[in-house]
2 protein chains.
Amino acid sequence: MSALNPTHDPKRRSWVETANAREAAFPVQNLPYGVFRRKSGPEAARAGTAIGDQILDLAGARRAGLIDGRAADACSEPTLNRLMALAPADWTRLRQQISDCLATDGERADDCRRRAAELLVPIADATLELPAEIGDFTDFFTSIYHATNTGTMMRPDSPLMPNFKYVPTAYHSRASSVVVSGAPVRRPNGQAIDPGAAAPRFGPSRLLDYECELGFFIGAGNRLGEPIPVARATEHIFGFCLLNDWSARDIQGWEGQPLGPFLGKSFSTTISPWVVTTEALAPFRGPAFVRAAGDPAPLAHLASADDAARGGLDIVMEVWLQTARMRQEGAAAVRLSQSNANDCYWTVAQMVAHHTSNGCNLRPGDLCGSGTVSGKDKGSYGCMLEMTWRGTQPVTLPNGEQRNFLEDGDELALRAHCARAGAVSIGFGECRGLVEPAR
Amino acid sequence: MSALNPTHDPKRRSWVETANAREAAFPVQNLPYGVFRRKSGPEAARAGTAIGDQILDLAGARRAGLIDGRAADACSEPTLNRLMALAPADWTRLRQQISDCLATDGERADDCRRRAAELLVPIADATLELPAEIGDFTDFFTSIYHATNTGTMMRPDSPLMPNFKYVPTAYHSRASSVVVSGAPVRRPNGQAIDPGAAAPRFGPSRLLDYECELGFFIGAGNRLGEPIPVARATEHIFGFCLLNDWSARDIQGWEGQPLGPFLGKSFSTTISPWVVTTEALAPFRGPAFVRAAGDPAPLAHLASADDAARGGLDIVMEVWLQTARMRQEGAAAVRLSQSNANDCYWTVAQMVAHHTSNGCNLRPGDLCGSGTVSGKDKGSYGCMLEMTWRGTQPVTLPNGEQRNFLEDGDELALRAHCARAGAVSIGFGECRGLVEPAR
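Each chain carries its own residue numbering, running from 1 in the written order of its sequence. Written order decides the labels, with chains lettered from A and ligands numbered from 1. Residue-level local features of this predicted model are given only where pLDDT is at least 70; pairs of side-chain atoms are given and counted only at 80 or more, and the full residue set underlies all totals for whole chains, interfaces and linings. Side-chain numbers come from the whole structure's heavy atoms, not from hydrogens or water.

1. Considering the overall build of chain A
Then comes step 1: A count of helices and strands for chain A gives 13 helices and 24 strands.
Then comes step 2: Just to be clear, the radius of gyration here is over C-alpha atoms, and the globule rule we use is 2.2 Å times residues to the power 0.38. For 439 residues, the compact-globule formula gives about 22 Å, and the C-alpha radius of gyration of chain A, at 22 Å, lands near that figure.
Then comes step 3: A total of 439 residues make up chain A; the buried ones form 62% of that total.
Then comes step 4: Here the analysis covers contacts within chain A between residues at least 6 apart in sequence; of these, 74% occur between residues at least 24 apart.
Then comes step 5: Here the accessible surface of atoms and residues is derived via Shrake-Rupley with a 1.4 Å probe, and residues count as covered only by protein chains that are part of the display. Summed over all atoms, the accessible surface of chain A reaches about 15,900 Å², with 52% contributed by carbon and sulfur. Per the convention used, a helix needs a DSSP run of H or I reaching at least four residues, while a strand needs a run of E reaching at least two, with both numbered from the N terminus. Per-residue accessibility, obtained with a 1.4 Å probe over protein chains only, is compared with the maximum for each type, and a residue is labelled buried under 20%, exposed over 50%, and partly exposed between these values. Should any heavy atoms of two residues lie within 4.5 Å, those residues are considered in contact.

Listed below in structure tokens is the structure:
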């Protein structure tokens, strides 16, 4: 797809100059979708595309006749659900039209540029909202390094569950408490038991953690009882975001048996506002995750030669922390870790195929998370539980502060980008949240 | 509330004669809400109240001026979410108006009766739909007998988890696959591992089970970060239904660690279409579940003297089975078990308080389940896993058939009613589903 698709052409540049900067997250090759409101105006929320430091107002572009078709029609809605419900061919057509509006050599560029004052909104002047109404939120557990590390803490002799290499493990998570980047995150109260204590206590979580995950939105869904085959699953994925699955480890540890995580997770999940499309990420697929010698082959419902050949997603994911003291001292955020989504044991197509293999229906706008993306080495551990080895090896920050877990006033940000020879780098923007004290 | 509330008056009778039969599920003291469409007409779905074998069309009643106010205004919507979002005072006012329409001595009875041809729809001529758009579905695990039985099968030495008597245990479940009574349920395919096998297989579940649960719908929600105190929690519960949490025990067993149930549950959950309101159930509260001597007192966020004094819900719940052969032979369904919702270790107020204690937000129309309602004795076990002790003690049906788990063609129905001296008995209607072969 990449070679033939003009929207990926690395020579394309935008007349929105900030999109052409070497470090720009949103060059004309990216074109992620989001939902925004102008801070100044009474206008309803609508879809937009990020380009450099601007947003192209897609409801306005449609009114101006710059984009058309049923995908363009869906852009006046206050969520992306209707756009997500369409087919990949619709998404491709809209992306092509938007690229033609924003690229210097695009057929619609002159028209669009003439209306720039009306159609472009600086990102700084907009409020970004949740991109979709999320029907269900499913969180997977696909990093073998994360599974092995957390398993080792609990079961040193057999860290990895016997099902890990067969099952794209997941749990249903909470949709109502998914918030968009920038929303504060209140430290939860909850039940937890102290080591050696006879009974649990109720109070503010003492082991508040983040989890660095890749999120993805379902496009067209499936009917109840009709699984999506793994070979077709990619067509059902609209796009990707960053996802911080905030976790209260002490609450999670006490409540977790026999039914898994509940209140240790459901107090907040933060996602980044821009949805980077499956099509924009096409040049950054592969290679496949390398299974260890002797690992079992995927069962038939998870096996697709084409999906295996195309491989995972080469997305560099980073975790950044700025403490309250760092803010006071004027110190910039510090990077805690860097991992890669390609280290997931299962592809997103396998996750979707597995999710629907029992007939479970997915709906447009449903959100899935990859689970914590951790790599092999300590510098690539995607949560503090692993990085401090359950709080026993604190992280020392440049100003001398130490962290076992998150403290009130800490601001955590996830960032991600894709870079590859022959392609223009694209970014995801930020997924950010500041920890407020417990109520 | 019961003594002063005329809608509970046991002397009230309805001019809809079928509502006065001794075994009627829907006497004028019940007045459950549902969403229906006439089978014959092109009319949009709207809210209705069951009365005897009829439905009072609430959108029509409002247009006719028989009911008014913001609760009545919400009844023209195709779901009950807007009605659920209101305050208990609104619900009480609407219930009073409907009672006044349908009771022989009601102030609005003559007017309503005159329009009966237009406003009453036989239940048999209507299609009942899901009562609400369900944002999130949470399933609890509150029967100590169910927890002890299932725990004994896995951990004979310590069946009950150490957290059971402190935590109203729950997991997030799947909202998209909740279906209304009567929808067929397809046996799921999935991964499972046979005893002694080195690797799992993928195929139709061999251990398909039902779970007899009480469901409840959230009324007004709470804002993210703002818990609902246990003493106010009942005000946030709109009403109750029956819930069959279909379970594929083999899939559930293999996938369940470390994150809990996923595909073993998400292929379908069936609920009954009529929502019996919290107000209708008020005469049937209590007594409190009797904790064993030495059981810990609830932690502060779960402790309310008033809620404890009012106690649980005295609802008799029954499971009925009709096999394909029984249908061919013209044999009626057979009752497999009978339990009581009062055997739950936690009240619904405690479940709601716990659910929000970490700040998690509930929204109007969110669905919660009690978990399998099992009592102390074998005749009160609410699922086949317990009744056949994991398939080792098959159930023998009157025609000689045996069941370890459900077979294709089996139709499972949950029924429930409340009966108490001094009150008119009320019922829930049915929660029914027929098992279809795997795809």
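From this point, the narrative continues.
2. Some thoughts on the relation of the copies chain A and chain B
Mapping between the two chain copies consists of a rotation about an axis together with a translation along that axis.
Then comes step 1: In this comparison the copies share one frame, found by least squares on the C-alpha atoms of residues holding pLDDT of at least 70 in both. For the match of chain A to chain B, the screw axis carries a shift of 0.0 Å, the RMSD comes to 0.0 Å, and the turn is 180 degrees. Taken together, the rotation and translation describe the operation of a two-fold axis. Within chain A, the C-alpha atom positioned nearest to the axis of rotation is that of Gly260 of chain A, 2.2 Å from it.
Then comes step 2: Counting the interface residues of chain A, we find that 100% of their copies in chain B are interface residues as well, pointing to one common contact surface.

3. What to know about empty space enclosed by the protein
Then comes step 1: Grid points spaced at 1 Å and placed over the protein atoms alone form the basis of the search, with a cavity being a set where a 1.4 Å probe fits but cannot get out and a pocket an open set showing protein on both sides within 12 Å along at least five of seven lines. Lining residues have an atom within 4 Å of a point. Grid points are joined across faces, edges and corners, and a volume is the space filled by probe spheres set on the points. Following the criterion strictly, the structure yields four cavities of 30 Å³ or more and no others.
Then comes step 2: Every residue along the wall of the largest cavity is listed here: Arg186, Arg187, Pro188, Asn189 and Arg439 of chain A together with Gly225, Pro227, Ser357, Asn358 and Gly359 of chain B.
Then comes step 3: In terms of residue class, the lining of the largest cavity is made up of two nonpolar, five polar and three charged. Residue type decides the class: Asp, Glu, Lys and Arg count as charged, Ala, Val, Leu, Ile, Met, Phe, Trp, Tyr, Cys and Pro as nonpolar, and the leftover types, Gly among them, as polar.

4. A word on the packing of aromatic side chains
All names here are of chain A.
Then comes step 1: What counts as a ring pair is set by centres within 6.5 Å for rings of Phe, Tyr and Trp (its six-membered ring), and what kind of pair is set by the plane angle: stacked under 30 degrees, edge-to-face over 60, tilted for all other angles. Overall, the coordinates contain 18 aromatic pairs over all chains when judged by the stated rule.
Then comes step 2: Both rings, one in Trp91 and one in Phe238, keep their centres 5.0 Å apart while their planes meet at 85 degrees; by these two values the pair is edge-to-face. Placement of the pair is Trp91 in helix H4 (residues 88-102) and Phe238 in strand S14 (residues 237-244), with a sequence separation of 147 residues. For the pair Trp91 and Phe238, one class covers both residues: buried.
Then comes step 3: Joined through ring pairs, the aromatic side chains of Phe141, Phe164, Tyr345 and Trp346 make up one cluster.
Then comes step 4: Whether a charge sits over a ring depends on NZ of Lys or CZ of Arg being within 6 Å of the ring centre and within 35 degrees of the ring normal. We note Arg291 situated over the ring of Trp346; from NZ or CZ to the ring centre the distance is 5.0 Å.
Then comes step 5: Between Arg415 and the ring centre of Trp320, over which it is positioned, the NZ or CZ distance is 4.3 Å.

5. Things to note about the interface of chain A and chain B
Then comes step 1: Contacts between the two partners involve 58 residues from chain A, matched on the other side by 58 residues from chain B.
Then comes step 2: With both chains or domains summed, chain A and chain B bury close to 5,400 Å², and 60% of this area falls on carbon and sulfur atoms.
Then comes step 3: The rule for a salt bridge is simple: a side-chain nitrogen of Lys or Arg has to be within 4 Å of a carboxyl oxygen of Asp or Glu. Linking chain A with chain B are four salt bridges, by the criterion used here.
Then comes step 4: At the level of elements, strand S7 (170-173), strand S10 (189-192), strand S11 (201-204), helix H8 (249-255) and helix H12 (348-356) of chain A are the ones that each hand at least two residues to the side of chain A that touches chain B.
Then comes step 5: At four residues, S7 of chain A tops the list of elements feeding residues into the side of chain A that touches chain B.
Then comes step 6: The residue makeup of the side of chain A that touches chain B, split by class, is 27 nonpolar, 21 polar and 10 charged. Accessible surface is computed with a 1.4 Å probe, and the buried area is the amount of it that two parts give up when combined, taken over both parts together.

6. Examining the pattern of salt bridges
Then comes step 1: Under the counting rule described, the total for this entry stands at 78 salt bridges over all chains.
Then comes step 2: Between Asp408 of chain B and Arg187 of chain B there is a salt bridge whose closest N-O contact spans 2.7 Å. Within this pair, whereas Asp408 of chain B is found in the loop between strand S22 (402-403) and strand S23 (411-418), its partner Arg187 of chain B is found in the loop between strand S9 (185-186) and strand S10 (189-192), the two being separated by 221 residues in sequence.
Then comes step 3: Residue class for Asp408 of chain B comes out partly exposed when judged on its relative accessible area of 36%.
Then comes step 4: Because the salt bridges share partners, they merge into one network encompassing Asp209, Glu211, Asp245, Arg249 and Lys265 of chain A.

7. A closer look at the pairing of strand S24 (residues 426-436) of chain A
Residues and elements named next belong to chain A.
Then comes step 1: Of the strand pairs in this sheet, strand S9 (residues 185-186) and S24 are connected by two bridges, and their pairing is parallel. By the bridge assignment for S24, Val185 is matched with Val435.
Then comes step 2: Whether two strands pair comes down to DSSP finding at least two bridges between them. Direction of pairing for strand S23 (residues 411-418) relative to S24: antiparallel, over a ladder of seven bridges. Bridge assignment links His417 to a residue of S24, and that residue is Gly427.

8. Some details on the domain arrangement of chain A
Residue and element names in this part refer to chain A.
Then comes step 1: Note: domain ranges come from an automatic or database domain assignment. Segmenting chain A into domains produces domain 1 (6-129) and domain 2 (137-436).
Then comes step 2: Domain 1 and domain 2 are separated by 28 Å when their C-alpha centres are compared.
Then comes step 3: Contacts between domain 1 and domain 2 engage 29 residues on the former and 26 residues on the latter.
Then comes step 4: Summed over both sides, the interface between domain 1 and domain 2 buries roughly 2,100 Å², with carbon and sulfur atoms accounting for 70% of that surface.
Then comes step 5: Joining domain 1 to domain 2, the criterion identifies one salt bridge.
Then comes step 6: With a closest N to O distance of 4.0 Å, Arg95 and Glu279 form a salt bridge.
Then comes step 7: Distance and chemistry together define a polar contact, namely a pair of N or O atoms within 3.5 Å, with one atom able to donate a hydrogen and the other to accept it when in protein, and with adjacent residues in sequence counting only for side-chain atoms on both sides. Along the contact surface separating domain 1 from domain 2 lie seven residue pairs in polar contact (both at pLDDT 80 or more).
Then comes step 8: Those elements giving two or more residues to the side of domain 1 that touches domain 2 turn out to be strand S1 (33-38), strand S2 (46-51), helix H3 (81-84), H4 and strand S5 (126-129).

9. Some words on the side chain of Ser357 of chain A
Then comes step 1: Within the fold, Ser357 of chain A resides in the loop between H12 and strand S20 (367-369).
Then comes step 2: Look past the residues within four positions of Ser357 of chain A in its chain and what remains in contact with it is Pro227 and His301 of chain A together with Asn189, Phe202 and Leu263 of chain B.

10. Brief notes about unusual backbone geometry
Then comes step 1: The omega torsion of the bond from Gln257 of chain A to Pro258 of chain A falls at 5 degrees, within 30 degrees of zero and hence cis.
Then comes step 2: Along the chain, Gly286 of chain B connects to Pro287 of chain B via a cis peptide bond; the corresponding omega equals -5 degrees.
Then comes step 3: Among the secondary structure elements, Pro287 of chain B is positioned in the loop between helix H9 (278-281) and helix H10 (305-310).
Then comes step 4: Even without being glycine, Trp389 of chain A reaches a positive phi, approximately 45 degrees.
Then comes step 5: Note that Trp389 of chain A resides in the loop between helix H13 (384-387) and strand S21 (395-396).
Then comes step 6: At Arg390 of chain B, a position not held by glycine, the phi torsion is positive, near 60 degrees.
Then comes step 7: Topologically, Arg390 of chain B is positioned in the loop between helix H13 (384-387) and strand S21 (395-396).
Then comes step 8: Given the relative accessible area of 47%, Arg390 of chain B is considered partly exposed.

11. As for the environment of Ala126 of chain B
Residue and element names in this part refer to chain B.
Then comes step 1: Tracing the backbone shows Ala126 in strand S5 (residues 126-129).
Then comes step 2: Since its relative accessible area comes to 7%, Ala126 is described here as buried.
Then comes step 3: Between the C-alpha atoms of Ala126 and Leu214, which are 88 residues apart in sequence, the distance is 24 Å.
Then comes step 4: In contact with Ala126, not counting residues within four places along its chain, are Phe36, Arg37, Arg38, Lys39, Ile55 and Val121.

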